[in-house]
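# Overview (structure and organization)
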Amino acid sequence: MKPDYLIVGSGLSALVFGALMAKAGKKVRIIEAHEFPGGFGHTFTMGKKYKFNAQLHYVWGCGEGQTVNRILSHLNLNKKVTFEQYDPNGYDHMKMPGYSLEITGDNQLLISRLSRLFPDSSDNIKRFIITVEKVSRAFDHLSSAGFNRNLFKLPQAAISVFKYRKNTIQEVFDLFCLPKEAQTLLALQWPDFLLPPNQLSFHAWVLLFTGYQKGAFFPTKHFEHVINSLVEVIESNNGSIVYNQEVMDFVIDNKTVSSVIAKDLMSGQDYEYPGKNIICNMDPKLAADMIGMEKLSHSIQKKLDYEYSASNFMAYCAVKDIDLEKYGFGKWNVFHSGSVDLNESFKTMYQEHDYSNPSFAICTPGFLTEDSSDRPPGEQIIEFLTVADYDYFKNLRESDKPAYRKKKKEILNAMIDVVEKNYIPDFRKHLVFKITGSPTTNKRFCWCPQGNSYGSILTPENMNIRRLNHKTSLNNLYFCNASSGFAGFAGTFWTGAKLYQTLSGDKIL
Ligand SMILES: Cc1cc2nc3c(=O)[nH]c(=O)nc-3n(C[C@H](O)[C@H](O)[C@H](O)COP(=O)(O)OP(=O)(O)OC[C@H]3O[C@@H](n4cnc5c(N)ncnc54)[C@H](O)[C@@H]3O)c2cc1C
């Protein structure tokens, strides 16, 4: 029997959409290229004793009544899938030479922390934080009112949002005359976007910054449990996921997609998978290229003309016989920059491939939950994340494998040097496991074009009204991924649920 929804890819938005549809009684089948579900959110095991989530670190929108919680409640998963909160007094610790700032959701406290560091700019800091709060509140109003249709019913909210729609966060920092060091401390979570302040959309920054201010979370039983629980809903409601199937083509007849053709990556054989409706969780632009761009309307072609977000470099490590708490780690992330100029720092790493003074994120998931099943007793997981250029790594890997490996080693060593100098003097002595992921690793295991991190790039141009959504101009094909909605854990939960709501009429958001 043809499934009601044939879904290409098992990323988070696909699993959320699939679970909601399966629970509503629809027949769902997912075709996934990888051997694991979850896309960027998949978990892999190394050395038989370590479990690492590929990309997810911390997430927002998971508190009582927030987006993720509402969707999980609808799936009866809210008691099974629970979350632990990061330290609300300082969930992100920003560190740079001579300065440090703990980011909190309490704006009065944040203003007073920043004002203590920059007393001469206290008024400007206050005006900036209040504006961010106002724009965030406006987004909340508009999204609960249903966005575009209700813009005119909420003129004040619309004006606040509209005013900065074309701005980067750098432009807004400058508008408020914030000192350079204050800008850097506020934008040091740049690895969450893989974009520097002079390119990052102010709107994207506000959504994430204030999203985490309302609560930064980590799943009590790790991200693997979240993914497995969504898969379980699909499978226990007569749905299925077929792994190791890479979709290579879409069969189209008179503006309707009848099936997809996938290569079984184990046997090399091709299979045809029919579906009444096709949901495209794989990258929309790549899917459109398979379909043939000319088969889509001009307006969709225009929306598909996006640039990809930058790729990244990840190091997954474990340390033994050391109490990281003594060195300033805890229920928070540490974001480090060796330079006060994040724009320059990003350019040096991304365009010049020079990591001698890196800026990067440090995550220690072991502090967030009692569940230590991701590592052997007495050990702690520690992960590092920064930006990296796909083309550079692809060329190195294809032309000179030893040089590719050497570059990966060099970046990890540069980050560890910073850690030893600034945080944990004997870090290398305690390091018992390390593995690194480059942009090409991203492409190989997450099937993301150019190893992109967040789908389409989060610049103002791409965040504004011309942005792609679920519509494709073909009768039964819908996009459902970070690039056609919002990136991130909460963003893709929202994207999957929004499409479910649109197609089923069942209001849950
Ligand atoms: C380095 C990094 C760190 C991040 N950190 C965080 C974080 O801390 N918090 C947060 O909220 N978000 C984070 N994110 C973002 C978040 O992980 C993603 O936005 C989200 O998981 C994307 O989900 P998606 O539904 O768009 O699908 P994807 O994860 O892109 O999944 C797409 C799926 O489609 C499959 N696929 C692709 N092509 C084919 C094909 N041809 N045939 C069959 N299957 C195919 C892929 O294998 C994959 O499973 C991070 C991302 C990166 C890269």
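Here the residue numbers are simple positions, counted from 1 along each chain's written sequence. Given that the model is predicted, a residue must reach a pLDDT of at least 70 before its local features are reported, and side-chain atom pairs must reach 80 or more before they are shown or counted; all residues, however, enter totals for whole chains, interfaces and linings.

### Comments concerning the overall build of the protein
We count it as follows: The secondary structure listing takes helices from DSSP runs of H or I that are at least 4 residues long and strands from runs of E that are at least 2 residues long, numbered from the N terminus. Atoms counted for the radius of gyration: C-alpha only. Globule rule: 2.2 Å times residue count to the power 0.38. Remark: C-beta atoms are placed from the backbone, and a residue is labelled buried if 20 or more other C-beta atoms sit within 10 Å of its own, exposed if 12 or fewer do, or partly exposed between those counts. A pair of residues counts as a contact when their C-beta atoms, built from backbone coordinates, are separated by no more than 7 Å.
Across its full length, the protein holds 18 helices and 19 strands. Computed over its C-alpha atoms, the radius of gyration of the protein comes to 22 Å, within 12% of the 23 Å expected for a compact globule of 509 residues. Taken across its 509 residues, the protein has 49% of its residues classed as buried. At a minimum sequence separation of 6, the contacts of the protein that also span at least 24 residues come to 71%.

### Side note on the site of the ligand
Put simply, the test is: Being near a molecule or strand means, for a residue, that its backbone-placed C-beta atom lies within 6 Å of it. Ten residues, namely Ala, Val, Leu, Ile, Met, Phe, Trp, Tyr, Cys and Pro, are considered nonpolar, four, namely Asp, Glu, Lys and Arg, are considered charged, and the remaining ones, Gly among them, are considered polar.
Taken together, 38 residues lie near the ligand, and G9, G11, G39, M282 and G488 sit nearest. Put simply, the parts of the chain that give the shell around the ligand at least two residues each are α1 (12-23), β10 (245-253), β14 (311-320) and α18 (489-504). At 3 residues, the largest contribution of residues to the shell around the ligand is made by α1. The residue makeup of the shell around the ligand, split by class, is 20 nonpolar, 16 polar and 2 charged.

### Considerations on unusual backbone geometry
Positive phi is not limited to glycine here, since N254 has a value of about 50°. Mapping N254 onto the fold places it in the loop between β10 and β11 (256-264). Overall, N254 belongs to the exposed group, with 7 C-beta atoms counted inside 10 Å. Located in the positive-phi region is Q450, a residue other than glycine, with phi close to 55°. On the neighbour-count criterion, Q450 (19 C-beta atoms within 10 Å) is partly exposed.

### Considerations on the domain arrangement of the protein
We apply this condition: The split into domains, and so the bounds of each, comes from an automatic or database assignment of domains.
When cut into domains, the protein gives domain 1 (5-43 + 53-83 + 221-306 + 458-504), domain 2 (104-213) and domain 3 (310-446). Listed as interface residues are 8 residues of domain 1 and, on the opposing side, 13 residues of domain 2. Taken together, the residues that form the side of domain 1 that touches domain 2 break down as 5 nonpolar, 3 polar and no charged.

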